[in-house]
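Listed here are the chains, written in short residue letters.
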Amino acid sequence: MVTRILLCLGVLSSLLWVGIDILGAVSWEDYSYTSQTVSEMSAVDAPTRQLLSPFYIAYSLLLIAFGGGVSSSAGGRNGRLVAGALLATVGLVGLVQPFFPMHMRGVEPSFTDIGHIVLGGVNVLLLIVAIGFGAREFGRKFRLFSVTTILIMLVFGVWTAFLAPAIPEGQPTPYLGLIERVIFAAFLLWIASFAFLLLRAHPRERSTGHSVGTSA
């Protein structure tokens, strides 16, 4: 029962992140959902920083708990064990990120901006590797879905990196917000799907002692 509850938190974490993003966008009157990044809502002196910070902490804690649930359901399957550990690590990095906020547009970057970029890159890498390990758990369709998720994250991540230097210069970044949110949507959907499949398979795996769906 504990494992099932922890796995449910994977779905809840993705839903919470979407809620946070919507809350931040509607709470900042001048915020542009299409052209501003997600991190700008938590930037130094951003009007939504204090509002969103507790929710981002809650999201990170949910992801840590979900990672623990994934590892708990592994039953000797090393790939799932590693995927769970990596997802929990993403949550741990998320708890550190508030100490390295970016600055508002047009403000000269400091060491916290550099730390923010580095931690963001680390989390993307951890997520990609976690998806790679989790991809083998539920057959060909899920592997294809996982590979597609990774490709989306890579392609749109490079696109984001190409546009992001305009932020500290105070230059317009049309569609950057949408481009970055495609990345978030990709891995949030993967996490929710992974959690759902694990929840569906868990009772059968407990009764048989074998992974379900790996050869589908």
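Our structure is the block above this text.
First things first, this report covers the structure right here in the doc. (Residues numbered from 1 in each chain as written. Predicted model: local features only at pLDDT ≥ 70, side-chain atom pairs only at ≥ 80, totals over all residues. Heavy atoms only, no water.)

## Remarks on the pattern of salt bridges
Selection rule: Salt bridge, as used here, is a side-chain nitrogen of Lys or Arg placed within 4 Å of a carboxyl oxygen of Asp or Glu. A helix here means a DSSP run of H or I that spans at least four residues, while a strand means a run of E at least two residues long, and both kinds are numbered starting from the N terminus. The rule is simple: take the accessible area with a 1.4 Å probe, protein chains only, and divide by the maximum for that residue type; under 20% is buried, over 50% is exposed, in between is partly exposed.
Overall, the coordinates contain three salt bridges when judged by the stated rule. The closest approach of N and O atoms between Asp21 and Arg181, which form a salt bridge, is 2.8 Å. Taken together, the residues span a long stretch of sequence, with Asp21 in helix α1 (residues 2-27) and Arg181 in helix α6 (residues 176-208) at a distance of 160 residues. Comparing Asp21 with Arg181 shows no difference in burial state: the two are buried. Note that Arg80 is salt-bridged to Glu137, the shortest N-O span being 2.8 Å.

## Regarding the packing of helix α3 (residues 78-96) against helix α4 (residues 111-134)
Under the convention used in this document: Axes here refer to lines fitted to C-alpha atoms; in helices the fit is confined to the stretch in contact. Angles between the N-to-C directions go from 0 to 180 degrees. The cut-offs work like this: below 35 degrees is roughly parallel, past 145 is roughly antiparallel, 65 to 115 is roughly perpendicular, and the gaps in between are oblique. Definitions for this section: a left-handed crossing has its near helix turned counterclockwise from the far helix by less than a right angle. A right-handed crossing has that turn clockwise. Every residue pair with non-hydrogen atoms within 4.5 Å of one another is taken to be in contact.
Following both chains from N to C, one finds α3 and α4 inclined at 160°, their axes separated by 8 Å at the closest point. By the angle between their directions, the pair α3 and α4 is classed as roughly antiparallel. The hand of the α3/α4 crossing is left-handed. In this structure, α3 uses Gly79, Val82, Ala83, Leu86, Leu87, Thr89, Val90, Val93, Gly94 and Val96 to contact α4, whose residues at the interface are Leu119, Asn123, Leu126, Leu127, Val129, Ala130, Phe133 and Gly134.

## Description of helix α5 (residues 139-163)
Using the following cut-off: How far a helix is expected to stretch is found by multiplying one less than its residue total by 1.5 Å.
Here α5 spans 36 Å end to end across 25 residues, near enough to the 36 Å set by a 1.5 Å rise per residue. Of the positions making up α5, those classed as buried are Gly139, Phe142, Ser146, Thr149, Ile150, Met153 and Thr160.

## Focus on the packing of aromatic side chains
This is how it is decided: Two aromatic rings, drawn from Phe, Tyr or Trp (for Trp, its six-membered ring), form a pair once their centres lie within 6.5 Å of each other, and the interplanar angle then sorts them: stacked below 30 degrees, edge-to-face above 60, tilted otherwise.
Counted under the stated rule, the structure contains 10 aromatic pairs. Judged by centre distance (4.5 Å) and plane angle (20°), the rings of Trp17 and Phe184 are stacked. On the criterion of sequence distance, the pair formed by Trp17 in helix α1 and Phe184 in helix α6 is long-range, its members being 167 residues apart. Note on accessibility: Trp17 and Phe184 belong to one class, buried. Between Phe142 and Phe194, the aromatic rings sit 5.9 Å apart at their centres with planes inclined by 15°, giving stacked as the arrangement.

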